[in-house]
Amino acid sequence: METSSLSGLKRADFQTTIKGKETDLYTLRNADGMEVCITNYGGALVAIMVPDRDGNYANVIQGHDNIQDCISSPEPFLSTLVGRYGNRIAKGKFTLNGKEYNLAINNGPNHLHGGPTGFHARVWEAEQPNDHILVLRYVSSYYEEGFPGELHMTVMYTLTDDNELVIDYKGTTNKKTIVNMTSHGFFSLAGIANPTPTCEDVICTINADFYVPIDETSVPTGEIRKVEGTPFDFRTPTAVGLRWENFDDEQIKNGAGYDHCYVLNKREVGELSFAAKIVEPKSGRSMEVYTTEPGVQFYSDNWADGYKGQHGATFGRHSGLCFEAQHFPDSPNKPHFPSVVLKPGEVYTQKTIYKFGVE
């Protein structure tokens, strides 16, 4: 039976069979009335329903309202899981144990987000034990998209009664490999609409004294640079648009906006700590990000062209903000960056929390 949902999404619209695996829509709910909808196709978040300061609910994440649009989306990573390697690897090449591996080139001259058939384009096994938890599992075969090792990955989504969406990742491999998972949520705290408002007035804080500069192909130069005196300084709450408008900055040009990894301030490696916060002034909706990862990629949705999403909503340039908790881009080719190597017998873990509120 179809239970009524805040999002208006219908399970049947997300049900199909792809290479013998069934896709579906799963809904999480909490005591506060919040609702999160996820499809096991790519682990995509397709609805996060949260109230504004007047109690009006809206969907604050960009997505589609049926499985076919998810599959053929103009933005293939729209609010999906990303793996095996989130972000870019220069020229699609890296060396492990003295052997060079070649990956798909799907972003200019570089490899991006695990390749065109990465984890975002796979049907995950799904198990929903209760209203609060969804567990997704996927086995990535040896040499899938060019990566070594067979990787067993589990991702658990938990919606708490504190309005936190918690994403826990666990992975194991049978051969040495590289792993850098993330969730690529495109957040629009004003609520998606036709057109979805731009995020230029959104007040942003990022807990980072340093960021990772990029070249004109969006690959890290290898430098770690101070945010101080640059448009990347969000150490105090600042409107996103104010920052890029007041600087004629080569880095903003290289990314066509923000598309940069921030080096998060940490007391110790792997601690779960505050990474970022955004507040949408008109609605009062807020979102805090906490993560165990060393970095967060801040992306200001620089290439969207007004394509259609759920219920006729349209997503134009700068209509969403992404906070992709992860290791740094191109880490396999930058020995001084934190390692992304996973060995047999080790367990890859990552925890990221998106906490929603009103102000």
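What comes next concerns the included structure. Since this is a predicted model, take the numbers as computed values, not measurements.

Reading the values: the criteria
- Residues numbered from 1 in each chain as written.
- Predicted model: local features only at pLDDT ≥ 70, side-chain atom pairs only at ≥ 80, totals over all residues.
- Heavy atoms only, no water.
- Salt bridge = Lys/Arg side-chain N within 4 Å of Asp/Glu carboxyl O.
- Helix = DSSP H or I, 4+ residues; strand = E, 2+ residues; numbered from the N terminus.
- Core = buried A, V, L, I, M, F, W, Y, C linked by side-chain atoms within 4.5 Å.
- Buried < 20%, exposed > 50% of the residue type's maximum accessible area, 1.4 Å probe, protein only.
- Contact = heavy atoms within 4.5 Å.
- Phe/Tyr/Trp six-rings, centres within 6.5 Å; stacked < 30°, edge-to-face > 60°.
- Lys NZ or Arg CZ within 6 Å of the ring centre and 35° of its normal.
- Pairing = 2+ DSSP bridges.

### Quick look at the pattern of salt bridges
Thought 1: Overall, the coordinates contain 13 salt bridges when judged by the stated rule.
Thought 2: Note that Asp 24 is salt-bridged to Arg 11, the shortest N-O span being 2.6 Å. In this pair, Asp 24 sits in the loop between β2 (21–22) and β3 (25–29) while Arg 11 sits in the segment before β1 (17–18), placing the two residues 13 residues apart along the sequence.
Thought 3: Here Arg 137 makes a salt bridge to Glu 127, at a shortest N to O gap of 3.1 Å. Pair noted here: Arg 137 is in strand β13 (residues 133–140) and Glu 127 is in strand β12 (residues 125–130), with a separation of 10 residues, a long-range link.

### Quick word on the nonpolar core
What tends to happen in soluble globular proteins is that the nonpolar side chains get buried as a cluster.
Thought 1: Among the nonpolar cores identified, the biggest contains 56 residues, and Ile 48, Tyr 157, Tyr 262, Phe 298, Phe 323 and Phe 356 are the most heavily contacted of them.
Thought 2: With 5 residues, the top contributor of residues to this core is strand β14 (residues 151–159).
Thought 3: Those residues in contact with Phe 356 that lie beyond four places of it in its chain are Met 34, Ile 48, Val 50, Val 60, Asp 162, Asn 163, Phe 187, Leu 189, Ser 286 and Met 287.
Thought 4: By size, the runner-up hydrophobic cluster in this structure holds 11 residues, among which are Leu 25, Tyr 41, Ala 47 and Cys 70.

### Focus on the packing of aromatic side chains
The geometry of an aromatic ring pair comes down to the distance between the two centres and the angle between the two planes.
Thought 1: A full pass over the atoms with the stated rule returns 22 aromatic pairs.
Thought 2: Judged by centre distance (5.8 Å) and plane angle (75 degrees), the rings of Phe 234 and Phe 298 are edge-to-face. Of the two residues, Phe 234 is situated in the loop between β20 (225–226) and β21 (238–239) and Phe 298 in strand β25 (residues 295–299); the sequence distance between them amounts to 64 residues.
Thought 3: Each residue in the set Tyr 211, Phe 232, Phe 234, Tyr 258, Tyr 262, Phe 298 and Phe 323 is aromatic and connected to the rest through ring pairs, giving one cluster.
Thought 4: Over the aromatic face of Tyr 142 sits the side chain of Lys 175, whose NZ or CZ is 5.4 Å from the ring centroid.

### Here we look at the pairing of strand β18 (residues 203–206)
If a strand is regular, its side chains alternate between the two faces of the sheet.
Thought 1: In this structure, β18 lies alongside β21, joined through 2 bridges in antiparallel fashion. Within the sheet, the bridge partner assigned to Cys 204 lies in β21 and is Thr 238.
Thought 2: Pairing analysis gives 4 bridges linking β18 to strand β23 (residues 273–279), with the strands arranged antiparallel. Of the residues in β23, the one forming a bridge with Ile 203 is Val 279.

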